[in-house]
Amino acid sequence: MTPTSAKLLPFAPANAERPRFDGPERRARGAPPPAGRRVALVALSDARARKWCSRWLRQARFEVVLVDDGGAALARVEEGAPSVLVADGGLLLANGLSICAAVRVLDGLAELPVITICSGRGHFARAVDAGATHVVPKPVNWQLVAGLAESLVEARELAARLSKTSQRLEAAERSLEVAWKHIHQERDVDGLTRLPNRTRFESLIERAFGAREAGSELAVLYLDLDRFKAVNEIVGRAGGDDILRQVAGRLRSGLHAGDLLTRGGSGAGTAAIGRLSGDEFTVLLTHVHGRRAVRQAAHGLLRCLADPFVVVGKEVHLSATVGAALSAPGTRTGELLLQRAELALCAAKRQGGGMVRFYDESMEPLSERTLDLHRMVKQALRDEELQLHYQPLVETGSGRIVAGEALLRWFSPELGLVPPDEFLPAIEGTDLMLEVGEWVLRTACTQHQAWTSEGLPPIRMAVNVAPSQLRRADLAALVETVLRETGIDPQQLELELSERGVLREDPQIRQQLESLNRLGVRLSVDDFGTGQSAIDYLKQFPLDVLKIDRSYVAGLSRSDRDAGLTLAMVDMAHSLKIAVVAEGVETRDQKDMLQGWGCDELQGFLFSPAVRGEEFREMLASGLATGEAVGAETGAASRTELGNESPDPAG
Ligand code: C2E
Ligand code: CA
Ligand code: CA
């Protein structure tokens, strides 16, 4: 046999284009063939062996390059890398040089599969030493060799695809982090002054509670400019904005100068300034020991504003009023502390403003009412005045009803229809919330089972779970009992947990979610986008659905920012394999935008408000939430939810 070097051997079909490893655009030395092409380099000294081997390899859709000695094989490899090498054991060591060793240092060939044909045990060991990955004994079944080559190459291609996918995933995760930060930064910062807004400020208080030292308290100062409306009229809107920016600047530098807090040795520290709305600013003080330091800081703030402001060439004199509240033992939420400071501010304003006042209980207008409401809801539960209404969730493209959300209604003979937003806060955190929550869960699941056994199209039942229910240790046990009692398929029960209650670093809540997940029920994050949660929780917790808060949907056509954030949330959820529901869809425009972005399900007055069970059943039987057409033509606004509701005599 004469060495043919890189020459094509005679049994390659004459009309076949000569396989070239490198395509039109030159590749790096030894680079593998472009995706989709498979090239087998066959180095066999025996002509019959080459013939059969190449025949079967072509059957397996390989382009075949044939050579009959090791040196030629090496030359061809350098010209362009093959996907597999089939070689005689004897040829692997060409002139004392291992082809494998020479090949494997080339780009992309470190893992080149090498199938070696050997005739005896001794040869096996030598072939493996020389770098063969697979050894085939003689006599050779060439069909099997071709099959082996094919599976080896497929495995490599798969591995390459997987590594590309994982790179893409990593890139997607990185852009997620960026999108997430952007969502929070934009949502949490006041555009005019770049100070934290209400959401952010509350969460800063929450965080300060977590970091508080024993024995020290927090305080919030709520500052409001006096007669700012009149100032706005004098200097114009732009001038007013300018003043607000200057106020923010003076407060910031006043607090950071430090003497506000340390004068008189009060030792209080400051954590944050916020702008809650219009001309309202807030300051959070930490390390507070008693009222004195707080009072000093508040008066210091007022002094910061004493010098006149200059805008549009005019001098403007301002004064302000401050309400102050200290965290008493037992107050642990930012919301409550802020509320108290605001009550104190209102009391000070009623006295004419320009002063500092501290919160005291007499300022609470709500406490009596809360107690009354609590008593009345308790009675309402006994008297069966509570009902569930159901609002459809529809599949985005088809408008088909895929789920119903159970929403509480209280028809009070005395007060009329009381919306849940009004009476639930009065019982949240108490045992009564747990009782009501249990009643809701049981009633919704029983209703779902009734519809299922009637043969109506299967849907999911979404049930809201209050934060205090989520903190209750036996929630999973309760859900399990209700699943058993009612026979509802766990996959058809969806628990809606408000973002603020659920996406947080709390081992108890993590455990809770995991137990619920083990039961097989679906978990949905409600009001998504309103909280302060870190993206990590979305990744770590077993969540199935994300419900974009209706405030974003409402802003879709008005604000590019809300549209951008909504799109970012949809993408982010999808990359984490979480389904997305948009709630509060009222117009065609909103629907079209959400549909275009691939939002999975929609809910809102455009389709239907929450309706009595009987009415929902009709919708389900007819297969569609018919409200879509009604909402679009008659204007969703005319079909308001409350207008549509009436006490259900059937209960
Ligand atoms: P949510 O869970 O965010 O429920 C959606 C609310 O948005 C419902 O108000 C619903 O009627 C309303 N909604 C639906 N579509 C539209 C729309 O197109 N536009 C507008 N503007 N609003 C729409 P609802 O029924 O008054 O409930 C208010 C909140 O009360 C609920 O907010 C939920 O947080 C709470 N809630 C209601 N029922 C229960 C319950 O059984 N248990 C618990 N824990 N909370 C409940
Ligand atoms: Ca909900
Ligand atoms: Ca919601």
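Look up a bit, the structure's there.
Everything numeric in this text was worked out from a predicted model, so none of it was measured. (Residues numbered from 1 in each chain as written. Chains lettered and ligands numbered in written order. Predicted model: local features only at pLDDT ≥ 70, side-chain atom pairs only at ≥ 80, totals over all residues. Heavy atoms only, no water.)

**A short note on the packing of aromatic side chains**
The criterion, for reference: The rule is short: rings of Phe, Tyr and Trp, with Trp giving its six-membered ring, pair when the centres are within 6.5 Å, and they are stacked under 30 degrees, edge-to-face over 60, tilted in between. Secondary structure follows DSSP: runs of H or I at least 4 residues long count as helices, runs of E at least 2 residues long count as strands, and numbering of each begins at the N terminus. Classification of residues uses two cut-offs on accessible area relative to the type maximum, computed with a 1.4 Å probe and protein chains only: under 20% is buried, over 50% is exposed, and between them is partly exposed.
One pass over the structure, following the stated rule, counts four aromatic pairs. Taking 6.0 Å as the distance between ring centres and 50° as the angle between the ring planes, the aromatic pair formed by Y390 and F616 counts as tilted. Placement of Y390 in strand β15 (residues 386-395) and of F616 in helix α23 (residues 613-622) is noted, with a sequence separation of 226 residues between them. Here Y390 and F616 have matching classes, each one buried. Linked through ring pairs, Y390, W451 and F616 together constitute an aromatic cluster.

**Here's the deal with the coordination of the calcium ion (ligand 3)**
Cut-off, in case you're wondering: A donor here means an N, O or S atom no more than 2.8 Å from the metal, or no more than 3.2 Å when the metal is Na, K or Ca. Since water is not included, a site may seem to lack partners.
Note on the calcium ion (ligand 3): its protein donors are D526 (OD), D527 (OD), E583 (OE) and E583 (OE). The metal-donor distances range over 2.2 to 2.4 Å. On the primary sequence, the residues serving as donors to the calcium ion (ligand 3) are separated as D-D-x55-E. Here the calcium ion (ligand 2) and the calcium ion (ligand 3) are spaced 4.1 Å from one another, each receiving a donor from D526. Residue D526 is located in strand β20 (residues 522-528), and its partner E583 is located in the loop between β22 (579-582) and α22 (588-596); the two are separated by 57 residues in the primary sequence. An identical accessibility class is assigned to D526 and E583; each is buried.

**Concerning helix α10 (residues 291-304)**
Selection criterion: Every helix has an expected span of 1.5 Å times one less than the residues it contains.
For α10, which comprises 14 residues, the first-to-last C-alpha distance of 20 Å matches the rise-based estimate of 20 Å (1.5 Å per residue) to within 8%. Restricting attention to buried positions, one finds in α10 the residues A293, V294, A297, A298, G300, L301, L302 and C304.

**A word on the sheet that holds strand β7 (residues 134-137)**
What holds strands together in a sheet is hydrogen bonding between their backbones, with the strands either parallel or antiparallel. Short version of the rule: Two strands form a pair only when DSSP identifies at least two bridges running between them. Axes, fitted as lines to C-alpha atoms, cover a helix only where it is in contact. Angles between the N-to-C directions of the axes lie from 0 to 180 degrees. Contact between two residues is taken to exist if any of their heavy atoms lie within 4.5 Å; hydrogens are not considered.
Judged by pairing direction, the sheet is parallel, and its five strands sit side by side in the order β2-β1-β3-β6-β7 without closing on themselves. Among the strands making up the open sheet, the edge pair consists of β2 (63-67) and β7. For this sheet the average axis-to-axis angle between neighbouring strands, irrespective of direction, equals 20°. As paired strands, strand β3 (residues 84-88) and strand β6 (residues 114-118) are joined by four bridges and run parallel to one another. Across the sheet, residue V86 finds its bridge partner in β6, namely I115. Its contacts with the sheet put helix α1 (residues 47-59) on β1 (39-43), β2 and β3, and the angle it makes with β2 is roughly 165°.

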